[in-house]
Amino acid sequence: MNWDDTTDETAAERLVGASADREDQAVEAALRPKDLDEFIGQEKVREQLDLVLRAARARGATADHVLLSGAPGLGKTTLSMIIAAEMKAPIRITSGPAIQHAGDLAAILSSLQEGEVLFLDEIHRMSRPAEEMLYMAMEDFRVDVIVGKGPGATAIPLELPPFTLVGATTRAGLLPPPLRDRFGFTAHMEFYEPAELERVIHRSANLLDVEIGSDGAAEIAGRSRGTPRIANRLLRRVRDYAQVKADGIITRDIAAAALKVYEVDARGLDRLDRGVLEALLKLFSGGPVGLSTLAVAVGEERETVEEVAEPFLVREGLLARTPRGRVATPAAWAHLGLTPPRSASTGNGQQDLFGT
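What you are looking at is a predicted structure, and each value in this text was computed from that prediction instead of being measured.

## Regarding the packing of aromatic side chains
Enumeration according to the criterion identifies one aromatic pair in this entry. Ring geometry for F141 against F163: centres 5.5 Å apart, planes inclined by 80°, an arrangement best described as edge-to-face. Pair noted here: F141 is in the loop between helix 6 (128-140) and strand 4 (142-147) and F163 is in the loop between strand 5 (154-159) and strand 6 (164-169), with a separation of 22 residues, a long-range link.

## With respect to the nonpolar core
Among the nonpolar cores identified, the biggest contains 50 residues, and L49, L79, I201, I212, I220 and I250 are the most heavily contacted of them. Among the elements that make up this core, the one with the highest residue count is helix 10 (residues 228-245) (seven residues). Not counting residues up to four positions away in its chain, the partners in contact with L49 are L36, V66, L79, I83 and F185. In terms of nonpolar packing, the next biggest core, distinct from the first, is built from 24 residues, L67, L105, A137 and M138 among them.

## Observations regarding the environment of G115
Mapped onto the fold, G115 is located in the loop between helix 5 (102-110) and strand 3 (117-121). Judged by relative accessible area, G115 falls into the buried class, the value being 17%. In this structure, the C-alpha to C-alpha distance between G115 and A61, residues 54 residues apart in sequence, is 7.9 Å. Among residues more than four places away in sequence, those in contact with G115 are T62, A89, P162 and F163.

## Points about the pattern of salt bridges
Under the defined criterion, the tally for this structure stands at 18 salt bridges. E86 serves as the salt-bridge partner of R57, at 3.5 Å between the closest nitrogen and oxygen. Taken together, the residues R57 in helix 3 (residues 43-59) and E86 in helix 4 (residues 76-86) connect sequence positions 29 residues apart. E316 serves as the salt-bridge partner of R267, at 3.2 Å between the closest nitrogen and oxygen. Of the two residues, R267 sits in the loop between helix 11 (252-261) and helix 12 (271-283) while E316 sits in the loop between helix 14 (302-315) and strand 10 (319-322), which places them 49 residues apart along the sequence. Its relative accessible area of 26% is what places E316 among the partly exposed residues. Connected through salt bridges with shared partners, the residues E219, R223 and R252 form a single ionic network.

## Topic: the packing of helix 12 against helix 14
Running from N to C, helix 12 and helix 14 cross one another at 90°; their axes reach a closest spacing of 10 Å. Taken together, helix 12 and helix 14 sit at an angle that is classed as roughly perpendicular. Contacts between helix 12 and helix 14 involve L272, D273, V276 and L277 from the former and T304, V305, V308, A309, F312 and L313 from the latter. Residue composition of the contact of helix 12 with helix 14, grouped by class: eight nonpolar, one polar and one charged.

## Side note on unusual backbone geometry
The phi angle at F141 is positive, at roughly 50°, despite the residue not being glycine. Overall, F141 belongs to the partly exposed group, its relative accessible area being 22%. One non-glycine residue, E263, lies in positive phi territory at about 60°. The residue E263 is located in the loop between helix 11 and helix 12 in this model. According to the relative accessible area criterion, E263 is partly exposed, its value standing at 42%.

## Notes on helix 11
Think of an α-helix as 3.6 residues a turn; residues three or four steps apart then line up on the same face. Considered for burial, the residues of helix 11 that qualify are I254, A255, A258 and L259. In an axial view of helix 11, the angular spread of the buried residues amounts to 120°, which keeps them on one side of the axis. Facing away from the buried surface of helix 11 by more than 90 degrees, the exposed residues are D253 and K260. Just beyond helix 11, the residue with positive phi is E263, at close to 60°.

## Comments concerning the confidence of the model for the chain
In this model, the chain carries an average pLDDT of 84, and 87% of its residues clear a pLDDT of 70 or more. With pLDDT under 50 throughout, residues 345-356 is counted as low confidence; its partners more than four residues away or in other chains account for 16 contacts.

## So, the sheet that holds strand 2 (residues 91-95)
Taken in spatial order, the five strands line up as 2-3-6-1-7 in an open sheet, and their pairing is parallel. At either margin of the open sheet sits one strand with a lone partner, and together these are strand 2 and strand 7 (185-188). When strand polarity is set aside, the average angle formed by the axes of neighbouring strands in this sheet is 15°. Here strand 1 (residues 66-69) pairs with strand 6 via four bridges, running parallel. Looking at the pairing, V66 lines up with V166 of strand 6.

Criteria and thresholds
- Residues numbered from 1 in each chain as written.
- Predicted model: local features only at pLDDT ≥ 70, side-chain atom pairs only at ≥ 80, totals over all residues.
- Heavy atoms only, no water.
- Phe/Tyr/Trp six-rings, centres within 6.5 Å; stacked < 30°, edge-to-face > 60°.
- Helix = DSSP H or I, 4+ residues; strand = E, 2+ residues; numbered from the N terminus.
- Core = buried A, V, L, I, M, F, W, Y, C linked by side-chain atoms within 4.5 Å.
- Buried < 20%, exposed > 50% of the residue type's maximum accessible area, 1.4 Å probe, protein only.
- Contact = heavy atoms within 4.5 Å.
- Salt bridge = Lys/Arg side-chain N within 4 Å of Asp/Glu carboxyl O.
- Axes fitted to C-alpha atoms, helices over the stretch in contact; angles between N-to-C directions.
- Parallel < 35°, antiparallel > 145°, perpendicular 65-115°, else oblique.
- Nonpolar A, V, L, I, M, F, W, Y, C, P; charged D, E, K, R; others polar.
- Arc of directions from axis to C-beta.
- pLDDT = per-residue confidence, 0-100.
- Pairing = 2+ DSSP bridges.

Next comes the structure, spelled out in structure tokens:
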């Protein structure tokens, strides 16, 4: 079983999951900005990328290969499409898991037009033979196609037109150095600040013809976990609530009431997140507790807890990973309105040397 696929499916089922389902993909196509000036957030990345693209256009050359890393839902696919639009070039979209053999990659590369942008999502999940073929394609714009098998096999060099590869990954550390070094420009996508998400929400509400107040946008932004994709998804669910339960106008009270129905609290935690915290606090007195034991207590797979729930809880400072197991922080006790036991007062689930 591929646990990456399992956790992707679990994340996509959550309202605050960063993976995109089919509905998200359809809506995002309509909401995507078309150029860098329209793209909200990621100021440093936008400034650096703008220089790279302007310089390439001035030289009349294809842009350098670009590597975009960061969590799902931050705009890597959108930026790849903007790169193609800025360079006035067509774009070909594929993903690492779809390329299982070197022949799959060779077929894609050999059909590229000059200057075309090839967007390779989840590039770290590409097969090793295809990865090795990509080295030569990126550096020399050619690939060696192997014809035949065994001692009689021959390599036929195939020249490729200049193209720009845009690779996207959620796990940059899994990319081998030879591949990473062949990208002329690398950028890490950061989580968004609430003020930036408010701008995203106002822009999306305008495109969706939804009336929203500044306080309503702020309420949704605060629960969006720093991710535009989640902000847009929450906006659509709050819009539905406002249309059915109110006059269609999204205010702070309407947004809060809607997200209470969908079990997304003020910090963006959902049922799974709170379930992990409640088990850790109520059953294990704040820890430390092993991941497998915690997963059993929550009724989820170990990988689901580790890959889906934990990253956000750690980022929010509600949970800590230690060599002895998972430990709740004082912020976790405060968020759930619980009083920590005396043994949790040191912050690591242990009493000090004198038991005080």
